[in-house]
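Here are the chains, one letter per residue:
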Amino acid sequence: MRRFVTAFVLIGAVIVAPVPAAAGAPAVPNSVIVWDRHAQTAIWDFGQQLPWVQSRSFAMVSGAVYDAVNAIAGKPYEPYLGAPRATGRESADAAVATAAYRVLATILPEQADRLRGQYDEALAAIPDGPAERGGVAVGERTAAAIIAARTGDGSDGTQQWVIGTAPGQWRPTPPAFASTAGQVAFIKPFLVPDPAAFRTDGPAPLSSAAYARDFNEIKVVGALQSTTRTADQTEAAIWWHDRNNTEWQIKRQVAETQRLTVLQTARMFAMIDIIAVDAQIACFDDKRYWSFWRPITGIREGDGDGNPRTQGDPAWDSLLVAPAFPDHPSGHTCGTASRMATMHTFFGRDRIPFSAYSEAAGTTRYFTSFSQASAEVLGARIWGGIHFRSASAQGRTLGEEVSAFVTARHFRPRR
């Protein structure tokens, strides 16, 4: 077999009703969705940013766009950083384009010319005049605010993971034996006061029956040549591991199918992206705290873990290549659960269908609810052989708790 490298708490739920289009009217592109696609092109397609870098970039773009649109709409919701003065007559599309462009050009200066072309094209579609100029001015101010707020936030830190040698302690894993993203735990959160407040229970003690259950489960189902993992589980493992993050498609698709307005879309995207980056920071803070070994290390060195219920296999290999940082908790379940919980809260209901295509898997997966997606990614990290069950389950809990904390305190209606 080829080895591939590559229950929600509703607090302050806001029910969003679909917005009907006028009969026979041509569809008007949602500028927030358009610029989110531009952001993906810049951040991933050209920038090739790693996941922990991507999340900060998207949060900066979405935060600036939301504050601009919310200001023009008269501040019906609590802003993220603030609301520049606006009369309500400014062009929201000009504000969206300007806010997104300025942030992207700042964090990806090597793409300035290409991004300028997209920006000029966007402004060319907006009639010249006071509305356009006003929208540009509002977007300039919200972009400047978020760029200033994130300057010196620790994202360019050089901290490293602690490498251990004792049973249970994390150490770099094959084939690259690399150590990356150690600085993520030290990045200043966007809204969460203290990432450590979301500390998980941690992995089960090596000598426990619970650890043995996790060990023996992933040893069988997560193995490269597993005979018990189903074809659907293999597909799911690869699909969720896709570096071309399928979750970007999901938020845009949901905004389109639910026919959100520009303001509604801007608010939802800001909530999702800002909460996701804070969940990531809290997750990596937890990884640093527990510094637990990956399954490939635990299984290969299983005869020395002191548990009579486990049996080591020095030749064991996983379906997916383990990322170059500690196991507990799963960063993917932290991030996905935070996104899904946030959409659940935003719409006030769980059962909204969506799908997404993965280039890595070559398939589209379909979901009937947000909770179904969170449950599947939990399993997918086990089926891929890169996370013990406790790491996946507790990562999901952490992501949902960060979402509940932020949505209860921020982005709320002001009247």
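Residues numbered from 1 in each chain as written. Predicted model: local features only at pLDDT ≥ 70, side-chain atom pairs only at ≥ 80, totals over all residues. Heavy atoms only, no water.

*Asks:* Is there a simple way to think about the overall build of the chain in this case?
*Replies:* Per the secondary structure count, the chain includes 13 helices and two strands. For the chain, the C-alpha radius of gyration of 22 Å lies close to 22 Å, the compact-globule estimate for 415 residues. Dimensions of the chain along its principal axes, counting C-alpha atoms only, are 75 × 45 × 40 Å. As presented, the chain carries roughly 16400 Å² of accessible surface, and 55% of it is formed by carbon and sulfur atoms. (Helix = DSSP H or I, 4+ residues; strand = E, 2+ residues; numbered from the N terminus. Rg over C-alpha atoms; globule rule 2.2 N^0.38 Å. Areas by Shrake-Rupley, 256 points an atom, 1.4 Å probe, with all protein chains shown as cover.)

*Asks:* Explain the confidence of the model for the chain to me, please; I cannot follow it from the model alone.
*Replies:* Detailed reading of the predicted coordinates is not advisable wherever pLDDT falls low. Counting all residues, the mean pLDDT for the chain is 94, and 93% of those residues have values of 70 or more. Low pLDDT (under 50) marks residues 1-26, which in the prediction has 69 contacts with non-local residues, meaning those over four places away or in another chain. (pLDDT = per-residue confidence, 0-100. Contact = heavy atoms within 4.5 Å.)

*Asks:* Honestly, the pairing of strand E2 (residues 363-367) in this entry has me stumped. Any pointers?
*Replies:* A regular strand places its side chains so that they alternate between the two faces of the sheet. Residues Thr 363, Arg 365 and Phe 367 point to one face of E2 and are all buried, whereas Thr 364 and Tyr 366, pointing to the other face, are not buried. Relative to E2, strand E1 (residues 354-358) is paired through five bridges, and the arrangement is antiparallel. Opposite Ser 355, over in E2, you have Tyr 366 as the bridge partner. Counted between consecutive antiparallel strands, the loop separating E1 from E2 contains four residues, among which Gly 362 sits at a positive phi close to 70 degrees. (Buried < 20%, exposed > 50% of the residue type's maximum accessible area, 1.4 Å probe, protein only. Pairing = 2+ DSSP bridges.)

*Asks:* I tried to follow the nonpolar core on my own but got confused; where do I start?
*Replies:* Generally speaking, a soluble globular protein has its nonpolar side chains buried in company with each other. Within the largest apolar cluster, 109 residues are counted, with the highest numbers of intra-cluster contacts made by Val 65, Leu 104, Met 268, Val 402 and Phe 411. For Val 402, the residues in contact, after removing those within four places along its chain, are Val 192, Phe 198, Ile 275, Asp 278, Ala 279 and Ala 282. (Core = buried A, V, L, I, M, F, W, Y, C linked by side-chain atoms within 4.5 Å.)

*Asks:* How do you make sense of the packing of helix H2 (residues 51-72) against helix H9 (residues 262-290) when you look at a structure like this?
*Replies:* With their axes 8 Å apart at the nearest point, H2 and H9 run at an angle of 145 degrees to one another. Crossing hand, H2 versus H9: left-handed. For the pair H2 and H9, the contacting residues are Pro 51, Trp 52, Ser 55, Arg 56, Phe 58, Ala 59, Ser 62, Gly 63, Val 65, Tyr 66, Val 69 and Asn 70 in the first and Val 262, Leu 263, Ala 266, Arg 267, Phe 269, Ala 270, Asp 273, Ile 274, Val 277 and Gln 280 in the second. Grouping the amino acids of the contact of H2 with H9 by side-chain chemistry returns 14 nonpolar, five polar and three charged. (Axes fitted to C-alpha atoms, helices over the stretch in contact; angles between N-to-C directions. Left-handed = near helix turned anticlockwise from the far one by under 90°. Nonpolar A, V, L, I, M, F, W, Y, C, P; charged D, E, K, R; others polar.)

*Asks:* Just checking my understanding: could you explain unusual backbone geometry for this structure?
*Replies:* Excluding glycine, residues mostly carry a negative phi; peptide bonds, for their part, are mostly trans. The amide bond that connects Pro 174 to the next residue, Pro 175, takes the cis arrangement and shows omega of 5 degrees. Position of Pro 175 among the secondary structure elements: in the loop between helix H5 (130-150) and helix H6 (209-221). Cis geometry is found at the peptide bond from His 328 to Pro 329, where omega equals -5 degrees. On the secondary structure map, Pro 329 appears in the loop between helix H10 (295-300) and helix H11 (331-347). Positive phi, normally seen in glycine, also occurs at Arg 259, with a value near 55 degrees. Within the secondary structure layout, Arg 259 lies in the loop between helix H8 (246-257) and H9. At Ser 291, a position not held by glycine, the phi torsion is positive, near 45 degrees. Positionally, Ser 291 belongs in the loop between H9 and H10.

*Asks:* I keep staring at helix H12 (residues 370-383) and nothing clicks. Help me out?
*Replies:* Given 3.6 residues per helical turn, the α-helix brings residues three or four places apart onto the same face. Between its first and last C-alpha, H12 extends 20 Å over 14 residues, near the 20 Å set by a 1.5 Å rise per residue. Judged by how many residues are buried, H12 sits mostly within the fold: twelve of 14 residues are covered. All of the buried residues along H12 are Phe 370, Ser 371, Ala 373, Ser 374, Glu 376, Val 377, Leu 378, Gly 379, Ala 380, Arg 381, Ile 382 and Trp 383. Downstream of H12 by a residue or two, Gly 385 has a phi angle that is positive, lying close to 80 degrees. (Expected span 1.5 Å × (residues − 1).)

*Asks:* What is the right way to look at the environment of Ala 361 in this model?
*Replies:* Position of Ala 361 among the secondary structure elements: in the loop between E1 and E2. In sequence terms Ala 361 and Ile 296 are 65 residues apart; their C-alpha atoms lie 22 Å from each other. Sequence-distant contacts of Ala 361, defined by excluding residues within four places in its chain, comprise Glu 235, Ile 238 and Trp 239.

*Asks:* Could you clarify how one ought to interpret the pattern of salt bridges in this entry?
*Replies:* Pairs can form between side chains of opposite charge once their charged atoms are near each other. Per the counting criterion, the structure on display carries 18 salt bridges. Put simply, Arg 37 and Glu 256 hold a salt bridge, and the shortest N to O gap is 2.8 Å. Taken together, the residues Arg 37 in helix H1 (residues 31-46) and Glu 256 in helix H8 connect sequence positions 219 residues apart. Taking the shortest distance from any N to any O, the salt bridge between Asp 120 and Arg 116 comes out at 2.9 Å. Taken together, the residues span about one helical turn, with Asp 120 and Arg 116 both in helix H4 (residues 112-124) at a distance of four residues. Accessibility expressed as a relative area gives 34% for Arg 116, which makes it partly exposed. Residues participating in the shared-partner salt-bridge network are Asp 36, Lys 251, Arg 252 and Asp 273. (Salt bridge = Lys/Arg side-chain N within 4 Å of Asp/Glu carboxyl O.)

*Asks:* I keep staring at the packing of aromatic side chains and nothing clicks. Help me out?
*Replies:* Working definition: an aromatic ring pair is given by the centre-to-centre distance plus the angle between the planes. Applying the stated rule across the entire model yields 21 aromatic pairs. Ring centres of Tyr 289 and Trp 290 lie 4.8 Å apart, and the angle between their planes is 85 degrees; on these two criteria the pair is classed as edge-to-face. Residue Tyr 289 is classed as exposed on the basis of its relative accessible area of 51%. Note on Trp 290: relative accessible area 27%, which makes it partly exposed. Put simply, the rings of Trp 239, Trp 240, Phe 346, Phe 347, Phe 354, Phe 367 and Phe 370 touch in pairs and so form one group of aromatic residues. Positioned above the aromatic ring of Phe 46, the side-chain terminus of Arg 114 is 4.3 Å from the ring centre. Positioned above the aromatic ring of Tyr 289, the side-chain terminus of Arg 199 is 4.1 Å from the ring centre. (Phe/Tyr/Trp six-rings, centres within 6.5 Å; stacked < 30°, edge-to-face > 60°. Lys NZ or Arg CZ within 6 Å of the ring centre and 35° of its normal.)

*Asks:* What exactly am I supposed to notice about the environment of Asp 232 here?
*Replies:* Inspection of the secondary structure assignment puts Asp 232 in helix H7 (residues 231-240). Assessed through its relative accessible area of 45%, Asp 232 is described here as partly exposed. It is 10.0 Å that separates the C-alpha atoms of Asp 232 and Ala 380, two residues lying 148 residues apart in sequence.

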